[in-house]
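If you want the building blocks of each chain, they are given just below.
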Amino acid sequence: MSDIASSSFVRQDLLTERPAPVKTTGFVGLMRTRLFNSPTNILLTIVGALLLWFTIVPSVRFLMVDAVWSGKDRAACLTENAGFAVGACWPYIQAKLPQLIYGFYPEAERWRVNLTFVLAVVLLVPLLVPRLPAKGLNASLFFVAFPVVAFFLLHGGGIKGFGLSWTAGLLELFDDSIIGAGQALLSSSKTSAVGPLLWLVGNFIVLVGTAIHWLILPLTWLRDQIQGAGQSVWTDFAVTAAVVCLIAFGLGGGLRAGGRALASSIFAFVAIAAVIKLMGLDRGGLPVVATNLWGGLLVTLVVSVTGIVTSLPIGVALALGRRSTIPLIRIFSIAFIEFWRGVPLITVLFFATYMLPLFLPGNFSVDGLVRALIGIALFTGAYQAENVRGGLAAIPRGQGEAAAALGLSWWKTTSLIVLPQALRHVIPNLVNSFISLFKDTSLVSIVALFDLLGSLRASFSDPKWSTPSTAFTGFAFAGVIYFIFCFGMSRYSLFVEHRLNAHRRN
């Protein structure tokens, strides 16, 4: 015990102070550990600083310091009048802002565009905030009700019938197309080498069309009777509402559990009736504004939002079809995807605008903007299909096998287990396609649709604002708008990706 005590050591003086550890946090720490920690990083930092100096500083000087902020015409933005080297000519943007937003939309009707924008924001913002309730109702309003209301607000016009008349009209158009195709084959059989075969096929098609005509005759007769009477819109609406409510009640479970479906259907039709009455759709509605008068940011948002909303369901359907075990569905999906991915978007727009009317019946026409929207939706849907297919391929096979072991059907397995995980995996790819589509809307100016850039280029022809800096100012303003929308989509996608991948955080 005494040996242990004698061998113990207690220091009598303090150790000399050691230098403080190198700071690795804050601005100084960032520069020391990231920017100047090696010769290569030092060189890259210097090059990056010079690049920022020669790009950011001149841009700030042009847009802010040397800019002209007030004026009535081009004289305010000329160097000899301003007394210095003029940068951006912001009075030009102030004067042309209505044209850049609305295009040639009539000034007295622009409140309709503003109301559409407000409705879109009011319905979209609660849909993007995760904590807000009633997501199902909100999604139904935004994706189903809002497009219809926006169409009648922006385009105007009213309705002459409702579901029964529309169904009868579509079936009648389909029947006329079949009979017309059969008659065309009969005409070709008189001069063709395979005339008997064409005559046989043509007669068969005409016979099918005639049978369809007699099948839909009661429906078309009822439509004609309703339209011949007074208040045809409301009579058609009542008949349609009664039929749809009965179908919903039957499919919902009948007397056992169909009450909820019936109540939902009645509520939906009451809301539709309120919109029809409020907007006067049964009396002609608002004044019609042709789509060739639309332009500016309005066209950019209409094309991009429509393409984004419609392309994703098309892509999901094609991706599932490409993985289908049914040969016909799989071959159709593969052919569709490869065709649309192999054609440039400009070609699609030209075909949809100038060649598609040649393939339509003579009594059937489609608006030019609608044709462009259909072409963009199909084109983007093909790309989205490959994005979704990549997400489906990333799902382990055991997920589907476990669902099958639990007795889930293919539809429930796909919609509840496989597809949500697949979409979560490909959020960056999907949003990247959305951003690319938003910027590609400028191509519609090739087919005489004036989007934001088209309206901007059209404004350059005004001699009242012809200055050396007008074009640079206009393109800088358009670039800022594109950046705001694209950056917003990018940041929200990062937020969604971070929120849905909470189980993978360290």
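Residues numbered from 1 in each chain as written. Predicted model: local features only at pLDDT ≥ 70, side-chain atom pairs only at ≥ 80, totals over all residues. Heavy atoms only, no water.

Observations regarding the overall build of the chain
Assigned secondary structure in the chain consists of 20 helices and two strands. At 32 Å, the chain has a C-alpha radius of gyration far larger than the 23 Å of a compact globule built from 506 residues. Each of the three principal axes of the chain carries a C-alpha extent, and together these read 115 × 90 × 55 Å. Residue burial in the chain is summarised as follows: out of 506 residues, 34% are buried. Roughly 30,800 Å² of accessible area belongs to the chain as shown, and the carbon and sulfur atoms make up 70% of that amount. Of the charged side chains in the chain, 36 are positive and 22 negative; the average position of the first set lies 6 Å away from that of the second. (Helix = DSSP H or I, 4+ residues; strand = E, 2+ residues; numbered from the N terminus. Rg over C-alpha atoms; globule rule 2.2 N^0.38 Å. Buried < 20%, exposed > 50% of the residue type's maximum accessible area, 1.4 Å probe, protein only. Areas by Shrake-Rupley, 256 points an atom, 1.4 Å probe, with all protein chains shown as cover. Lys, Arg positive; Asp, Glu negative; His and termini not counted. Charge placed at Lys NZ, Arg CZ, Asp CG, Glu CD.)

A look at the environment of serine 442
Within the element layout of this structure, serine 442 appears in the loop between helix H18 (427–440) and strand E2 (450–451). Accessibility expressed as a relative area gives 18% for serine 442, which makes it buried. Sequence separation between serine 442 and isoleucine 276 is 166 residues, and the spatial gap between their C-alpha atoms is 34 Å. With sequence-adjacent residues up to four places away left out, serine 442 is seen in contact with Asp451, Leu453 and Tyr482. (Contact = heavy atoms within 4.5 Å.)

Here's the deal with the nonpolar core
With 43 residues, the main nonpolar core has Tyr105 and Trp294 as its most contacted residues. Residue assignment for this core shows that the elements contributing at least two residues are helix H12 (297–322), helix H13 (327–341), helix H14 (345–355), helix H15 (368–393), helix H17 (410–425) and H18. By residue number, the principal contributor to this core is H15, which donates nine residues. The contacts of tyrosine 105, once residues within four sequence positions are left out, are Arg110, Arg112, Val113, Leu153, Leu154, Val289, Leu293, Trp294 and Leu298. Of all hydrophobic cores here, the second largest spans 25 residues; its members include Cys89, Leu100, Ile435 and Cys486. (Core = buried A, V, L, I, M, F, W, Y, C linked by side-chain atoms within 4.5 Å.)

Considerations on the packing of H14 against H15
Helix packing geometry: the angle between the two helix axes and the distance between the axes. The contact between H14 and H15 brings their axes to 8 Å, and the two run at 145°. For H14 against H15, the interelement crossing comes out right-handed. Note on element contacts: H15 touches H14 through Arg371, Ala372, Gly375, Ile376 and Phe379, opposite Leu345, Val348, Leu349, Ala352 and Thr353. Class assignment for the residues of the contact of H14 with H15 results in seven nonpolar, two polar and one charged. (Axes fitted to C-alpha atoms, helices over the stretch in contact; angles between N-to-C directions. Left-handed = near helix turned anticlockwise from the far one by under 90°. Nonpolar A, V, L, I, M, F, W, Y, C, P; charged D, E, K, R; others polar.)

Remarks on the environment of proline 133
Within the fold, proline 133 resides in the loop between helix H6 (110–128) and helix H7 (135–154). Distance in space between the C-alpha atoms of proline 133 and threonine 55 is 46 Å, their sequence separation being 78 residues.

Re the domain arrangement of the chain
Parsing the chain into structural domains produces domain 1 (16–65), domain 2 (94–105 + 292–504) and domain 3 (163–283). Placing a centre on the C-alpha atoms of domain 1 and another on those of domain 2 gives a separation of 39 Å. (Domains from an automatic or database assignment.)

Topic: the packing of H17 against H18
In contact at an axis separation of 5 Å, H17 and H18 are set at 65° when each is read in the N-to-C sense. Contact residues: Leu423, Arg424 and His425 in H17; Ile427, Pro428 and Leu430 in H18. A per-class count over the contact of H17 with H18 returns four nonpolar, one polar and one charged.

Concerning the environment of leucine 50
Among the secondary structure elements, leucine 50 is positioned in helix H3 (residues 39–65). Spatially, the C-alpha atoms of leucine 50 and phenylalanine 460 are 34 Å apart, while their sequence positions differ by 410 residues.

Details of the pattern of salt bridges
Inspection of every chain in the model, using the stated rule, returns eleven salt bridges. A salt bridge links lysine 96 to aspartate 462; the nearest nitrogen and oxygen atoms lie 2.7 Å apart. Taken as a pair, lysine 96 in helix H5 (residues 90–102) and aspartate 462 in the loop between helix H19 (452–459) and helix H20 (470–500) lie far apart in primary sequence, 366 residues in all. The exposure class assigned to lysine 96 is buried, which follows from its relative accessible area of 12%. (Salt bridge = Lys/Arg side-chain N within 4 Å of Asp/Glu carboxyl O.)

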